[in-house]
Amino acid sequence: MGQIPTIKPDLRYDYTATLIKDGLYIIGGATPDGKTPNYPFLFLDISIPFDTKQLKWHDLSNLSKNDIVPSHKSAAAIKGGADNNTLFLYGGMNLENNTMSLVCTLNNLSWDTPKINGTPPNGKLFMTPVIDYNGSSSQSYVLS
C-alpha cells in the first residue's frame, strides 16, 4: 500500500469491521452528530507491527465515491468468495435514514453490485453475517 501520512479518523458508531487476510477494513458508520466520518473507508495493515496509540490507517474512501456505496451506518460486512478475498457489504441505512437494499462486493479494490437471481433482499439493519469453512454464508441475528 506504500508510505502514507498518518491520518486521524473521526470517532464513529454503527460501522463495519472486516478482517481479510492481513488487513482490517472499516467501512461506513456515522459520527456522534450523525454525519459521514472524515474517512468513511479505512484499511489497517496488520501484517506489520503497529502502535495502538498511532495507527497507520490507509484511506480507501476514493473507492466508495463511485455512487455504488453511499454513506451509511448499521450495515453488515463479511469476507467470502472463492479465495475468502472478497468483502460483501449488505443492508444498512444511508445517513438520510433510508433503509438500503444493497449488496456490494469489494474484490481487488473495486466495488461491484452483483446480479442477484430471484427476489432481491430487503434492506436489513444490525445484522451479523455468518460464513462457514466452505464459503457458504447466511444471515443471522436480525435485530431491527
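In what follows, the accompanying structure is described. Here the structure is a predicted model, which means the values were calculated and not measured. (Residues numbered from 1 in each chain as written. Predicted model: local features only at pLDDT ≥ 70, side-chain atom pairs only at ≥ 80, totals over all residues. Heavy atoms only, no water.)

Quick look at the overall build of the protein chain now. For the protein chain, the count of helices and strands is 0 helices and 12 strands. Taken over 144 residues, the protein chain has a buried fraction of 37%. In the protein chain, the share of contacts with a sequence separation of at least 24, taken over all contacts with a separation of at least 6, comes to 42%. Entry remark: accessible area of the protein chain is about 8,900 Å², with carbon and sulfur atoms responsible for 49%. (Helix = DSSP H or I, 4+ residues; strand = E, 2+ residues; numbered from the N terminus. Buried < 20%, exposed > 50% of the residue type's maximum accessible area, 1.4 Å probe, protein only. Contact = heavy atoms within 4.5 Å. Areas by Shrake-Rupley, 256 points an atom, 1.4 Å probe, with all protein chains shown as cover.)

Moving on, we get to a nonpolar patch on the surface. There is a patch of nonpolar side chains on the surface, built from L19, I46 and F50 and spanning about 250 Å² of accessible area. Within the secondary structure layout, L19 lies in strand β1 (residues 16–20). (Patch = residues over 30% accessible without salt bridge, like charges linked within 9 Å, V, L, I, M, F, W, Y side chains within 5 Å. Salt bridge = Lys/Arg side-chain N within 4 Å of Asp/Glu carboxyl O.)

Attention now goes to the nonpolar core. Y25, F41, L87, L89, L106 and W111 are the most contacted members of the largest nonpolar core, which totals 15 residues. Where this core is concerned, the elements lending two or more residues are β2 (23–27), β3 (41–45), β7 (86–90) and β9 (103–107). Excluding anything up to four places from it in sequence, L106 contacts Y25, F41, L63, N85, T86, L87 and W111. By size, the runner-up hydrophobic cluster in this structure holds 5 residues, among which are I7, I26, L42 and W57. (Core = buried A, V, L, I, M, F, W, Y, C linked by side-chain atoms within 4.5 Å.)

The strand order β1-β2-β3-β4 describes an open sheet built from 4 strands, whose pairing is antiparallel. The two strands at the open ends of the sheet, each matched to only one other strand, are β1 and β4 (57–59). Neighbour-to-neighbour, the strand axes of the sheet open up by a mean angle of 25°, direction not taken into account. Note that β3 and β4 share 3 bridges and pair antiparallel. Residue L42 lies in a different strand from β4, and its bridge partner there is D59. (Pairing = 2+ DSSP bridges. Axes fitted to C-alpha atoms, helices over the stretch in contact; angles between N-to-C directions.)

Purely geometric stuff here, so don't read any function into it on its own.
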